[in-house]
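Close look at the chain arrangement
Take a look at the letters that make up each chain.
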Amino acid sequence: MSTPRDGALAGQTVVLIGGSAGIGFETARRAKAEGAEVVLTGRHPERLEQAARELGGARSAAFDATDTAALASFFQDLPAPIDHVLVTAGGPHYGPLLKMSGAEVSEALSDHIVLALEVARNAAGRMRPGGALLLMGGTGGRRIGHGLGIVSAATAALPPFTAALALELAPVRVNLIAAGFVDTPLSASLLGDQLDERRDELRSTLPIGRVVGPEDVAALAVHLMTNTALTGATYDIDGGQQFVW
Ligand SMILES: NC(=O)c1ccc[n+]([C@@H]2O[C@H](COP(=O)([O-])OP(=O)(O)OC[C@H]3O[C@@H](n4cnc5c(N)ncnc54)[C@H](OP(=O)(O)O)[C@@H]3O)[C@@H](O)[C@H]2O)c1
């Protein structure tokens, strides 16, 4: 019978920048089941402790990933080497373009990229060759629409950024996961009392006939960690949402 130590990530360390909930947490759960040591990060210590307990024990560190000094000291304090890093911290910026200030536009266009670069800068020297840095993007922002505002432009920047970073970070690999709706605490907070209605709508319109969950994205993330042929690319996971909406 196989044990976790025999898994595809046995002996490897996986760092989740944003690992106490949603996609990051489910990826931690799956990576641990595949034998990895996981390190969870997030801003709220109680949420992190609860998540670490739910995993049956995991190293964790509470800090805001957008605080560059805190991010640098987190990586300095980690016992190297690291194999894989998934960055899920940070969310989309919705709203009409003309209502945004210049500073808000700059922030919305660059925050995912700046965070990914800071993570790359701090993690690179500690990551094993063939390891993976995984970033999060989306398929929903490929459309242009009222209400999406700056999201479409911010979404478009991520695939070429990922490919360029993959060239610089090699032999560490870099890939982008582009998700559609994923049923996570973030989606619940964005939709409020419209959440159930949205789930029903997705079940009836998506080609897969069900809602994509964080465990689906976790399965893709672990595949991207273990398949060493993959770098510089964008992997869609939206149940076909981009083709029906
Ligand atoms: N859910 C979707 O439908 C969807 C679709 C496409 C793309 N995405 C993207 O995928 C990523 C993860 O989404 P999710 O739905 O899993 O989100 P989530 O359920 O809100 O989980 C986010 C995790 O990241 C942590 N986090 C957030 N901001 C942080 C920061 N500044 N520093 C450190 N930790 C931080 C959160 O903990 P704390 O709050 O305690 O910090 C939490 O552990 C986001 O970038 C999101 O935009 C999501």
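Up top is the structure these notes are about.
Within each chain, residues carry numbers counting from 1 in the order of the written sequence. Since the coordinates come from a predicted model, pLDDT governs what is reported: local features require at least 70, and pairs of side-chain atoms require 80 or more to be given and counted, while whole-chain, interface and lining totals use all residues. The side-chain numbers reported here are obtained from all heavy atoms of the structure, hydrogens and water having been left aside.

Glancing now at the site of the ligand. Looking at the ligand, there are 29 residues lining it, with S20, R43, H44, G90 and T184 nearest. In this structure, T88 approaches the ligand through a main-chain N or O atom, which is 3.2 Å from an oxygen atom. Any pair of nitrogen or oxygen atoms within 3.5 Å is treated as a polar contact; in protein, a donor-acceptor pairing is required on top of that, and neighbouring residues in sequence qualify only through side-chain atoms on both sides. V182 has a polar backbone atom sitting 2.8 Å from an oxygen atom of the ligand. The protein chains shown are the only cover counted for residues, whose accessible areas, like all others here, come from Shrake-Rupley with a 1.4 Å probe. Protein coverage of the free-state accessible area of the ligand, which is 890 Å², stands at 90%. Secondary structure elements follow DSSP: runs of H or I of four or more residues count as helices, runs of E of two or more count as strands, with numbering from the N terminus. At the level of secondary structure, the elements contributing two or more residues to the shell around the ligand comprise α1 (22-33), β5 (127-138) and α6 (185-191). Residue polarity is assigned by list, with Asp, Glu, Lys and Arg as charged and Ala, Val, Leu, Ile, Met, Phe, Trp, Tyr, Cys and Pro as nonpolar; anything else, Gly included, falls into the polar class. Class assignment of the residues belonging to the shell around the ligand gives a composition of 12 nonpolar, 14 polar and three charged. What makes a residue near a molecule or strand is one non-hydrogen atom of that residue sitting within 4 Å of it.

Bringing the environment of A28 into the picture now. Tracing the backbone through its elements, the reader meets A28 in helix α1. Residues A28 and I237, spaced 209 residues apart in sequence, show a C-alpha to C-alpha distance of 18 Å. When residues no more than four places from it in sequence are discounted, the contact partners of A28 are L16, V38, L40 and L55. In this analysis, two residues are considered to be in contact whenever any of their non-hydrogen atoms come within 4.5 Å of each other.

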